[in-house]
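What follows is the residue order along each chain.
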Amino acid sequence: MIKITFNIKYNTNWGQRIFIVGSCEELGANIIHAAKKMRYHNDGEWRLTIFAPDSTRKIDYKYIVEDKNDIRTPENRFHHATFEHDCDSYVLHDYWLSEPENRTFYTSAFTKNLFVRHDTKNAENKTDTAKKNNHIIIRLSAPQTRPEQVVAITGNQNHLGNWNLENAPHMSADNFPQWEIRFNTDDISFPMEYKFIVLENDTNRLCYWETGENRIIRHSATDNDDENCIIRQFPEEKRRCSVINDYPLRTPERSWKACGTVIPVFSLRSEDSFGIGDIGDIKKLIDWTKKTGQHLIQVLPMNDTTCSHTWKDSYPYSAISIYALHPLYINIPMLGSLNDKKKMTFFNEMQKKLNARETVDYPSAEKIKTSYYREYFRQEKEHILRDIDFKTFITQNKEWLIPYAAFSYLRDKNNTADFSDWGEYAQYERKKVENLCHPDNEAYDEFLYLFFIQYTLHSQFESIAAYARQNAVVLKGDLPIGINRKSVEAWTEPNYFNMLQQTGAPPDDFSDTGQNWSFPTYNWDVMEKDGFSWWKKRFNKLNLYFDCFRIDHILGFFRIWEIPLNYIEGLCGHFRPALPLSCEEIEKYGLVFDERWTKPCIHTHFLPCIFGENKNSAQYETPESLHFISDNYGETVDNELYGYLRHIDAERLTLNEFCSTQRKIKKLFEGSNDRKSQIIRDGLMHIANETLFIEDPYDTKCYHPRISAYKSYVYRELSNENRRAFDRIYHDFYFLRHNHFWKETALNRLTPLINSTDMLVCGEDLGMIPASVHEVMNRLQIFTLEIERMPKTLHTEFADLKTLPYNSVCTTSTHDINPLRAWWKEDRKKTQRYYNNILQHDGEAPEECSPEIAEQIIRNHLQSPSMLTVIPLQDWFAVDEQIKRRDADNERINIPSDPNNYWCYRMHITLEALLRANNFNTKIRNLITDSKR
């Protein structure tokens, strides 16, 4: 048996006790309620001794504090203890593992990539001391030490060099970011006083001393001495090891910073790709990133989005599976060639045609690449089915792989992704689906093909991820906030989703009427009951390929903008969760509640403003502009149109039943593209939004003030007194009432999720930001997103780049806004102010964003305090006259206000040409080097 004594110093309050739980049976097998109680000793030390089997080689454990109400709170992270076969007694000295202030450096972005040690220096540990009876191991965490650096220890002992840095022994980083060194206890003279230093590994030159006071191990003892000592020997013990798990390295304030590039994978272009970027292109982008001194590549979501096999599937944030990668991202050269030369010639010709196109031809690329995959699968099928790795992949991933394959098969068989139209398979039944996958079923071959596609994607991406880590390039993924309502998860796990609502965003800089993403909202209460396992699985899948990821619309973890299914636009949505107002609460503000304010209506006085030529004017216009609306607004016009409006009183109208919702209005005008129909349609859509309050769908006696209601016509009808009352309601509701509530909501959801991954987590925190968002992100050390032209300070036109937080990602633009050159021409007056006030140039701003201006803008971003500056590839191109695209207007990726946006942007030069662009690459490298990134 191995004797193991756990020690921790923890100053408890009255009524508190300390427990320990761990991965072995002796510590409760990680079951918190089976944790073992520790004994209190002098000076705040708690101790427990256990006897573990001789075969024990590792134990993961946590300390737990229990309060007087028997509520147990464990540490955030596990301790890890390892045991050697020839040592029969261990004494472990620990400290309470709080969340480290520099959590970023503990993420895999650093520990497995940027700062990873490929060759560690262990000479000082490979000594005969390990063979002697007693030894002491000193361990500490030092994640911020860079690959070219080493941690050493020096102090008042001969074996520590007696404070002579040249003789300070180096520590081992075999388990980086943990550093370790061991000594024979017979060589120690107590008290042992010491400090850690960081040296250059090759030259032994001092980089810095750790800050703070010297560390001290005060004394040793025999079994008759003070039992609180660090090292004790008992007569029955043959060989004893004391492990000092020391406090982390006290690093001086040093701001490590890096730079990267963001580009969707589908936008990459190479000589090998087939009209659309793929996984193999990422390897070339890694080479370019390394060549220019960058350390990060950010991509958009790469999940399968195939619903209709049309260009509408190009939307990367509408995944049909949270696990499956998109088949289009297979790199064909990595896959292999066809033996049939005639077929190979055909595909080579098609490749040239697809690659010659300026943008992504999504349907053609899918058709050609899919044909190639099927030809290759038929050719190699026997070999593939014998492949042990292929079989292992199926076994390890069958939980999601079989439902995904079934969904894909049934989608194509039924010519729709709407599973409600799948007859006997409309409702997911596991056994039925597994029967489809049986070798005797006619669908079996198709399942094998779909398994092969996902296996190929995984194998290719896994190899590229390894290549990125070898080259110190962090791959940053993207986690969409929603899922397609016609998706595998909506089909197989409907209990997690509210299919009667849809998610989006309230009005913002992107859209005056808000955004409707059409995704179902989440049933968070259900997700919480199983410990958010659904989200944790998503994180785990990302972690296979990425060391960093961005949470799309992180505000959705605080509250989501929920829109009723019968709305197309986002104005009549509401936040969920929320604290809606009762009628009594509304009337306390001095506004007598009128239920008519919850139904769409319009005063006849405002009809010309809605249907007239000048729709933005609130002044009455002549009836001539309303020639297609009859005087009573209820009769047919030109024998083509029905009456859309009906009176609810002498002055007010509402929508008739057949066009009473935006969904009905959209359907009614489908295919009508003449100007008259468009004006009527848009006007009716507007009237559908004309409410002052939104009835809460979960408590119909409570209400939400309609977002942006102060811009509505129904608001203009209010008296001045009622307007002031409504303004108070609106301000308190949206800016004060929910702050604490949303803060606690987000902490409850995000804390267990962040603790479940070792990836570096970033959040997209743009839009209508609750006051508590940055407090929560700071506490959990989630990186914010900072964009100069989208400031987070009220009444500010441009963010001050010099004051950005260190834990942030700074960028010049995103896929949802214009890149620099197109933005420069967006708003001439705004550009002029930017040119004079931010760039500090006199005179009139140039018509075009020249390479010199683009370079200055990027330089300013690189010099910001943000740890990460990530520049869109289009904006890198802007700094070079020879490299930049001729037409800047074709560089935008998405228009958020357009639900039918075609995501088809593709870089205009190949990655091979980019790698050969020496002058351009040198310019970028110099920009980055000059900024000390």
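Throughout, residues of each chain are indexed from 1 in the direction in which the sequence is written. pLDDT decides what is reported in this predicted model: residues at 70 or higher carry local features, side-chain atom pairs at 80 or more are listed and counted, and totals for whole chains, interfaces and linings draw on all residues regardless. To obtain the side-chain values, all non-hydrogen atoms of the structure were used and water was disregarded.

A. Region of interest: the pairing of strand β31 (residues 652-655). Strands qualify as paired when DSSP identifies two bridges or more between them. By definition, any uninterrupted DSSP run of H or I lasting at least four residues is a helix, any uninterrupted run of E lasting at least two residues is a strand, and each is numbered from the N terminus. By the bridge criterion, 2 bridges tie strand β29 (residues 602-603) to β31 in an arrangement that is antiparallel. Residue pairing for β31: His603 is matched across the bridge by Arg652. Strand direction decides the pairing type here: strand β30 (residues 645-647) and β31, joined by 3 bridges, are antiparallel. In the strand pairing of β31, Leu645 is matched with Leu655.

B. Main features of the packing of aromatic side chains. The criterion for an aromatic pair is that two Phe, Tyr or Trp rings (for Trp, the six-membered ring) have centres within 6.5 Å, with stacked assigned to planes under 30 degrees apart, edge-to-face to planes over 60 apart and tilted to the rest. All chains considered together, the criterion is met by 72 aromatic pairs. Ring geometry for Tyr315 versus Trp903: centroids 5.5 Å apart, planes at 25°, classification stacked. Residue Tyr315 is located in the loop between β21 (296-298) and α3 (332-335), and its partner Trp903 is located in the loop between α23 (873-877) and α24 (911-916); the two are separated by 588 residues in the primary sequence. By relative accessible area, Trp903 is classed as buried at 3%. Here the aromatic rings of Phe497 and Tyr522 are separated by 5.8 Å at their centres, their planes lie at 45°, and the arrangement is tilted. Note that Phe497 is positioned in strand β23 (residues 497-505) and Tyr522 in strand β24 (residues 515-522), a separation of 25 residues in sequence. One exposure class covers both Phe497 and Tyr522, and it is buried. Directly above the ring of Tyr106 sits Arg77, whose terminal nitrogen or CZ lies 5.3 Å from the centroid. When a residue's accessible area, from a 1.4 Å probe over protein chains only, is under 20% of the maximum for its type it is buried; when over 50% it is exposed; and in between it is partly exposed. A ring is scored as having a charge over it whenever the NZ atom of a lysine or the CZ atom of an arginine sits within 6 Å of its centre and within 35 degrees of its normal.

C. Summary view of the packing of helix α18 (residues 739-754) against helix α19 (residues 773-780). Here the axes come from fitting lines to C-alpha atoms, over the contacting stretch only for helices, and the angles between their N-to-C directions go from 0 to 180 degrees. Where α18 meets α19, the closest approach of the two axes is 10 Å, and the angle between their N-to-C directions is 25°. The angle between α18 and α19 falls in the class roughly parallel. Taken as a pair, α18 and α19 cross one another with a handedness that is right-handed. For the pair α18 and α19, contact is made by Lys743, Ala746, Leu747, Leu750, Thr751 and Ile754 and by Glu775, Val776, Arg779 and Leu780, respectively. Residues belonging to the contact of α18 with α19 are distributed by class as follows: 6 nonpolar, 1 polar and 3 charged. Put simply, angles under 35 degrees are roughly parallel, angles over 145 are roughly antiparallel, angles from 65 to 115 are roughly perpendicular, and the rest are oblique. Crossings are assigned a handedness: left-handed for a near helix turned anticlockwise from the far helix by less than a right angle, right-handed for a clockwise turn. Here, two residues are considered to be in contact whenever any of their heavy atoms come within 4.5 Å of each other. Three classes are used: nonpolar for Ala, Val, Leu, Ile, Met, Phe, Trp, Tyr, Cys and Pro, charged for Asp, Glu, Lys and Arg, and polar for all others, with Gly counted as polar.

D. Molecular detail of the sheet that holds strand β36 (residues 808-811). Spatially, the 8 strands line up as an open sheet ordered β34-β25-β22-β21-β20-β37-β36-β35, and their pairing is parallel. Strands at the two margins of the open sheet, each flanked by one partner only, are β34 (760-763) and β35 (784-787). The sheet shows a mean angle of 25° between the axes of neighbouring strands, taken without regard to direction. Pairing of strand β20 (residues 258-262) with strand β37 (residues 868-872) involves 5 bridges; the strand directions are parallel. Across the sheet, residue Cys259 finds its bridge partner in β37, namely Thr869. The strands touched by helix α11 (residues 533-543) within the sheet are β22 (474-479) and β25 (548-551), with β22 carrying the most contacts at an inclination of about 150°.

E. Region of interest: unusual backbone geometry. The linkage connecting Phe176 with the following residue, Pro177, adopts the cis geometry, with an omega of 15°. Structurally, Pro177 is set in the loop between β12 (172-175) and β13 (178-184). Looking along the chain, the bond that leaves Arg576 and enters Pro577 is cis, with omega of 0°. With respect to the helices and strands, Pro577 occurs in the loop between β27 (574-576) and β28 (581-582). In this structure, Ala29 is a non-glycine residue whose phi angle is positive, near 55°. Tracing the chain through its elements places Ala29 in the loop between β2 (17-22) and β3 (36-37). At Gln840, a position not held by glycine, the phi torsion is positive, near 60°. Tracing the sequence through the fold places Gln840 in the loop between α21 (828-838) and α22 (851-862). A residue is classified by how much of its surface remains accessible, and Gln840, at 59% relative accessible area, is exposed.

F. Structural view of the pairing of strand β9 (residues 89-94). Within β9, 6 of the 6 residues are buried, which leaves it mostly tucked inside the rest of the structure. On β9, burial covers both faces: Ser89, Val91 and His93 on one face and Tyr90, Leu92 and Asp94 on the other are all buried. Summarising the sheet, strand β1 (residues 2-9) and β9 pair through 6 bridges and their orientation is parallel. Each residue of the ladder has a partner; that of Lys3, found in β9, is Ser89. Alignment of β9 against strand β19 (residues 240-245), held across 5 bridges, turns out to be parallel. Following the sheet pairing, Leu92 is matched in β19 by Val243.

G. View of helix α4 (residues 341-355). A helix is expected to span 1.5 Å multiplied by its residue count minus one. Its 15 residues give α4 an end-to-end C-alpha distance of 21 Å, which sits within 8% of 21 Å, the value for a rise of 1.5 Å per residue. What α4 keeps buried is the set Met344, Phe347, Met350, Gln351, Leu354 and Asn355. Down the axis of α4, the sector holding all buried residues measures 125°, keeping them to one side. Turned more than 90 degrees from where α4 packs its buried face, Lys341, Lys342, Lys352 and Lys353 sit exposed. Tucked inside the fold, the buried residues of α4 contact α5 (362-386). Structurally, the start of α4 carries an N-cap: the backbone nitrogen of Lys342 is 3.0 Å from a side-chain oxygen of Asp340. Directions drawn from the helix axis to the C-beta atoms are what define this arc. Throughout this description, a polar contact denotes any pair of N or O atoms lying within 3.5 Å of each other; where both atoms belong to protein, one of them has to be capable of donating a hydrogen while the other can accept it, and for residues adjacent in sequence the pair is counted only when both atoms sit in side chains.

H. Structural detail: the pattern of salt bridges. Just to be clear on terms, a salt bridge is a Lys or Arg side-chain nitrogen sitting within 4 Å of an Asp or Glu carboxyl oxygen. In total, this model carries 53 salt bridges according to the counting rule given. Glu912 is paired through a salt bridge with Lys284; the nearest N and O atoms lie 4.0 Å apart. Of this pair, Glu912 sits in helix α24 while Lys284 is found in helix α2 (residues 279-291), placing the two residues 628 residues apart along the sequence. Where Arg550 meets Asp478, a salt bridge forms, and the shortest distance between an N and an O atom there is 2.8 Å. Of this pair, Arg550 sits in strand β25 while Asp478 is found in strand β22, placing the two residues 72 residues apart along the sequence.

Remember that the coordinates give geometry; whether it matters functionally is a separate question.
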